[in-house]
Amino acid sequence: MYKYCTKYLSCSILKQRCSLHKTKFEGPVPLFTFVPYFKPKVSMTKRKLQIILSAIVTAVVLIGLHFIPGIVRNRTNKETEPLRRIVDVPLRKYMDGNKDILRAVVSIKRTGHTKGPWTFELVRYDDNKPLGSTDLITEDRPLVPGGIMQAATIAFLMDNGGLQIDERFPTCHGELPGTEIDYHVVYYEKTTGKDSVSVREGFLFSSRYCIGKAALETPYFQHAFEERFGDYFGSSTVQETQYPPADTPSNRVALASGRGVVLSSRQVVTFYDAIACHGVRSRNWYTRAKRICSRMAADTVKVLLAQNVMEGTGKFLSDCRSPIAGKTGSGRLENGFRSDGRAIETSSFAGFFPAASPRYTMCVTIYRREALAPGTATAMRIYEEIVTKMDGSGMIW
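All of these numbers come straight from a predicted model, not from anything done at the bench.

## Notes on the overall build of the chain
Secondary structure assignment for the chain yields 11 helices and 14 strands. Counting across all 397 residues of the chain, residues that qualify as buried make up 48%. Sequence-distant contacts, at least 24 apart, represent 66% of the contacts inside the chain between residues at least 6 apart. Carbon and sulfur atoms make up 56% of the accessible area of the chain, which totals about 20600 Å².

Right, dumping it as structure tokens:
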């Protein structure tokens, strides 16, 4: 057996090979020269052992590839099956009672833990057929956060714009450039007789005017806020976060108030979990642990969320057995799940519980046919029943 060699081979190797054949070494070998090389023989016993060992290794690898996914799946089912059973009851109850609800999605995560969030979904495929089963899904479902987004805007403006939550703005009858009149502010003027409103008060009655006014007065708000989106909400497994691209007054207000933003329930849970952990986003399989805002801003938003449940739009949950901190949100999803191409209304409630020392973070979203169908109230009822069942089963404490 001969091996092809070139003139670039080292002299030491050639000397060694020539000594084996008892030939004289006369310097570097010219190009296209063949030097004899004999591979040492391997005994048959050693060869058989090598074959047997490689067969054993191959068999172990194949068995592992066959059984490991099942083991991981069973372990996940053991962790999520109790949650799935708890979530299934209220979802089925309210979807059976209201056929305008096409889909309900619940994302839940243990606060500060690496695993999760887990997303459960119940879908109505046909009005004349019974509902299917509540499934654990890995896909993301888009939603328009609305008021839920205001918590992120306040945290950002506190860190980058020096916003104070008790800072007051003139009401101006709820008018902002390039946007519709905010009738929440008009109602506030009539009921209180005041001509100014604070950020805290606007947050409690879910006004886009206050948060939009603060965004308009912050230089370079849109570009700076877009840069922090990935930190606040993590990455999405299906689609990237969508937000208004142009830096115009109307788009600033839409971005700050969450009306022109499309997120997923997992991303909402990621942000609210970070707020519950004093501004630190917990690590998972695709993102690292990272501080997304200052502790002062996170704790301020945390207090606002708890106050919102006691006095604001989440007051329906104030009597829940386990104290809750959270925010309501609603919007119109233009590219929804309807076959006729019409928009779908999304209504959500996102928060964490217990409010003082959070153990779980959860977001409940329902997808409705008509705007007049019950929205955030239904989402809050589902949220309350899930929290009550988890509390009764001893999962919270």
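## Details of the pattern of salt bridges
In total, this model carries 15 salt bridges according to the counting rule given. Across the pair R103 and E121 runs a salt bridge, and its minimum N-O distance is 2.4 Å. Taken together, the positions of R103 in strand β3 (residues 101-110) and E121 in strand β4 (residues 118-123) put the pair 18 residues apart, joining distant regions of the chain. In this pair, the class of R103 matches that of E121, namely buried. Salt-bridge contacts for R295 lead to D299; the nearest nitrogen and oxygen are separated by 3.6 Å.

## Here's the deal with the side chain of S348
Relative to the helices and strands, S348 resides in strand β13 (residues 344-353). Of note is the side chain of S348, whose polar atom sits 3.0 Å from the side chain of T365. Ignoring anything within four residues of it in the chain, the contact list for S348 reads L143, I148, K327, T328, G329, C363, V364, T365, T376 and A379.

## Details of the confidence of the model for the chain
Caution is warranted with low-pLDDT regions, since their predicted coordinates should not be read in detail. Model confidence for the chain is summarised by a mean pLDDT of 80, while 79% of its residues fall at 70 or above. Across the chain, element-level confidence peaks in helix α10 (residues 295-311) with a mean pLDDT of 94 and bottoms out in strand β1 (residues 2-5) with 41. Here residues 1-10 is a poorly scored stretch, pLDDT under 50, and it has 26 contacts once near neighbours within four places are set aside; other chains count. Within the model, pLDDT remains below 50 along residues 29-38, and this stretch shows 28 contacts once partners closer than five positions in the same chain are excluded.

## Considerations on the nonpolar core
By size, the foremost hydrophobic cluster in this structure holds 54 residues, and its most contacted members are I154, F225, Y232, F271, Y272 and L305. If you look at the next biggest cluster of nonpolar residues, it comprises 31 residues, including V106, F120, L122 and I386.

## Looking at the environment of S54
By the element assignment, S54 lies in helix α2 (residues 44-97). There is a polar contact of 2.8 Å between the side chain of S54 and the backbone oxygen of I51.

## Notes on the pairing of strand β12 (residues 325-333)
With respect to burial, β12 is a largely interior element, seven of its nine residues being buried. The sheet contact formed by β12 and β13 spans nine bridges and is antiparallel. Across the sheet, A325 pairs through a bridge with F352, a residue of β13.

## Points about helix α11 (residues 376-392)
The terminal C-alpha atoms of α11 lie 24 Å apart, and with 17 residues this matches the ideal 24 Å at 1.5 Å per residue to within 8%. Positive phi appears at G394, one or two residues downstream of α11, with a value of about 80°.

## Observations regarding the sheet that holds strand β5 (residues 135-137)
Spatial strand order, β5-β4-β3-β14-β13-β12: six strands in an open sheet with antiparallel pairing. The open sheet terminates on both sides in strands that have one partner only, identified here as β5 and β12. Within the sheet, the average angular offset between the axes of one strand and its neighbour, ignoring direction, is 20°. Relative to β5, β4 runs antiparallel, the two being bridged by three bridges. Residue pairing in the sheet places F120 in a bridge with L136 of β5. Set on the sheet, α11 makes contact with β3, β12, β13 and β14 (360-368); between it and β13 the angle comes to about 35°.

## Brief notes about a nonpolar patch on the surface
A cluster of nonpolar residues, L53, V57, V61, L62 and L65, forms a patch on the protein surface that exposes about 500 Å² of accessible area. Along the chain, V57 falls in helix α2.

Each value, and the rule that gives it
Residues numbered from 1 in each chain as written. Predicted model: local features only at pLDDT ≥ 70, side-chain atom pairs only at ≥ 80, totals over all residues. Heavy atoms only, no water. Helix = DSSP H or I, 4+ residues; strand = E, 2+ residues; numbered from the N terminus. Buried < 20%, exposed > 50% of the residue type's maximum accessible area, 1.4 Å probe, protein only. Contact = heavy atoms within 4.5 Å. Areas by Shrake-Rupley, 256 points an atom, 1.4 Å probe, with all protein chains shown as cover. Salt bridge = Lys/Arg side-chain N within 4 Å of Asp/Glu carboxyl O. Polar contact = N/O pair within 3.5 Å; in protein donor to acceptor, adjacent residues only side chain to side chain. pLDDT = per-residue confidence, 0-100. Core = buried A, V, L, I, M, F, W, Y, C linked by side-chain atoms within 4.5 Å. Pairing = 2+ DSSP bridges. Expected span 1.5 Å × (residues − 1). Axes fitted to C-alpha atoms, helices over the stretch in contact; angles between N-to-C directions. Patch = residues over 30% accessible without salt bridge, like charges linked within 9 Å, V, L, I, M, F, W, Y side chains within 5 Å.

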